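Tertiary structure, described
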Amino acid sequence: MKILITGGAGFLGSHLGDTFLARGDQVICMDLGSIAKVQHNFNNPNFVYVRDSVLNDAMVDSLVSQADVVYHMAAVVGVEFYVDDPYNVLNININGTQTVLRAAYKYGKRVVFTSTSEVYGRNPKVPWAEDDDRVLGSTRIDRWCYSTSKAAGEHFCFGYHKMGLPVTVVRYFNVYGPRLDALDRGRVITIFLGQALRDDPITVVGDGMQTRCFTYVTDAIKATVEAGLRDEAIGEICNIGNDLEIPIKDIAEAVVRLSGSKSEIHYVPQEQIYGNSYEDVPRRVPDVTKMHRLLGVSADVTLEEGLKATIDYFKPAKSSAGE
Ligand SMILES: NC(=O)c1ccc[n+]([C@@H]2O[C@H](COP(=O)([O-])OP(=O)(O)OC[C@H]3O[C@@H](n4cnc5c(N)ncnc54)[C@H](O)[C@@H]3O)[C@@H](O)[C@H]2O)c1
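Before going into details, it helps to say that this report is about the structure given with it. Per chain, residues are indexed from 1 in the order of the written sequence. At least 70 in pLDDT is required for a residue's local features to be given in this predicted model, at least 80 for side-chain atom pairs to be given and counted, and no such filter applies to totals for whole chains, interfaces and linings, which use all residues.

1. Some details on the packing of helix H1 (residues 11–23) against helix H7 (residues 217–229)
When two helices pack together, their arrangement is given by the angle between the helix axes and by the axis-to-axis distance. Helix axes use the C-alpha atoms of the stretch in contact, all axes being lines fitted to C-alpha atoms, and the angles between their N-to-C directions lie in the range 0 to 180 degrees. Here a helix means four or more residues in a row that DSSP labels H or I, a strand means two or more in a row labelled E, and each is numbered from the N terminus. In the contact formed by H1 and H7, the axes pass within 10 Å of each other and the chain directions differ by 65°. When you trace H1 past H7, the crossing you get is right-handed. Residues Leu-12, His-15, Leu-16 and Thr-19 of H1 touch H7, and the partners they reach there are Val-217, Ala-220, Ile-221, Thr-224 and Val-225. Handedness of each helix crossing follows the sense of rotation of the near helix against the far helix: counterclockwise by less than a right angle gives left-handed, clockwise gives right-handed. With C-beta atoms placed from the backbone, a contact is any residue pair whose C-beta atoms sit within 7 Å.

See below:
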């Protein structure tokens, strides 16, 4: 099969590409960003890298026409972008998704749209099943722009599905592992890890009692592959996650312990980090019943195993952290 992965040079896209290549499939990776996470595939005849934007209609049209399955992963991801550049988040995430869906509809190609647990907002009733409500704050709070951009993408998916497009939506819950961002950037694990590997104080936003469910990348990728291959997943939304709920302060402590760091943990008011454009989500837990039933996957990698593998990957980068 020929698999097109938009955002294929990112964290999840690069792992997904490796997995399809290992199965003997062909992979077209379209991305605008750094090639560091896919460079190891450049000599593989089954791998094609296209440096372009999902906003380029003509290029997306041409690549989609060649693919059997399209994984649309290209997006602007990371809390710093939601609060610093909401225009770009909305533009790339909504308009890029339209571009991909339009081409997939034209050629009748199967699509997996990668959405997010952020779609549920701060719905207080956890765990969140796929049809549960979205509970969001004001549009003046920039952090909700990412959730809204992905929800708009999901609506487009189901709009096209009504017209016959074979599409599946997956919603990830805090996936982590090797190649996740760069140290000190992006998501909570890489931010804590950058600080821990330098023995700097770990800055926990708020009181650290907010919870997340962390999903190791290999588990997330197994489910993602199935989402694009199983007929019964067409027209469905599926959470992809581990349902073990962990307070952020416990993650900070685990990162310190497993990396052998001397860091202390400091609690910082969220306004100090993100200004007034941010609202935290107190609890975020997936209902994973559908992932087990529909995709036949369970998240088996423990936090300890996953964090150790992630720390091993990032340790050599320690000397350049913070540059
Ligand atoms: N990792 C997670 O925990 C998580 C959680 C929820 C949702 N997701 C979703 O999964 C997908 C992949 O996420 P990730 O964690 O790999 O993030 P990532 O930032 O590593 O990957 C996204 C990729 O998209 C690329 N990109 C951005 N704008 C582009 C454009 N205009 N044209 C082409 N490429 C562009 C980036 O260069 C990057 O390589 C995203 O859609 C994200 O919203 C991820």
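2. Points about the site of the ligand
Taken together, 26 residues form the shell around the ligand, and within it Gly-7, Gly-10, Gly-33, Ala-75 and Thr-116 come nearest. When residues of the shell around the ligand are traced back to their parent elements, those giving at least two are H1, strand S2 (26–31), helix H4 (86–107) and strand S5 (110–116). Per-element tally for the shell around the ligand: the top contributor is H1, with three residues. The criterion for a residue being near a molecule or strand is a backbone-placed C-beta atom within 6 Å of that molecule or strand.

3. Description of the packing of helix H6 (residues 188–197) against helix H8 (residues 248–259)
Closest axis-to-axis distance for the H6/H8 pair is 10 Å, and the angle between their directions is 40°. On the basis of their axis angle, the class for H6 and H8 is oblique. Relative to H8, the crossing made by H6 is right-handed. Counted together, Val-188, Phe-192, Leu-193, Ala-196 and Leu-197 of H6 and Ile-248, Ile-251, Ala-252, Val-255, Val-256 and Ser-259 of H8 form the full contact between these two elements. Residues belonging to the contact of H6 with H8 are distributed by class as follows: 10 nonpolar, one polar and no charged. In these notes the angle categories are as follows: under 35 degrees is roughly parallel, over 145 is roughly antiparallel, 65 to 115 is roughly perpendicular, and the rest is oblique. Side-chain classes follow a simple rule in which Ala, Val, Leu, Ile, Met, Phe, Trp, Tyr, Cys and Pro form the nonpolar group, Asp, Glu, Lys and Arg form the charged group, and the remainder, Gly included, forms the polar group.

4. Some remarks on the environment of Asp-300
With respect to the secondary-structure elements, Asp-300 resides in the loop between helix H10 (289–295) and helix H11 (303–314). Among the residues examined, Asp-300 registers 11 C-beta atoms within 10 Å and is labelled exposed. Sequence separation between Asp-300 and Gly-108 is 192 residues, and the spatial gap between their C-alpha atoms is 35 Å. For every residue, the other C-beta atoms within 10 Å of its own C-beta are counted; 20 or more classify it as buried, 12 or fewer as exposed, and values in between as partly exposed. C-beta atoms are placed from the backbone.

5. Concerning the environment of Gln-210
Position of Gln-210 among the secondary structure elements: in the loop between strand S8 (202–205) and strand S9 (211–212). Using a count of 17 C-beta atoms within 10 Å as the deciding quantity, one classes Gln-210 as partly exposed. For the pair formed by Gln-210 and Glu-245, sequence separation is 35 residues and the distance between their alpha carbons is 9.7 Å. Apart from the residues within four sequence positions on either side, Gln-210 is in contact with Pro-247, Ile-248, Asp-280, Val-281 and Pro-282.

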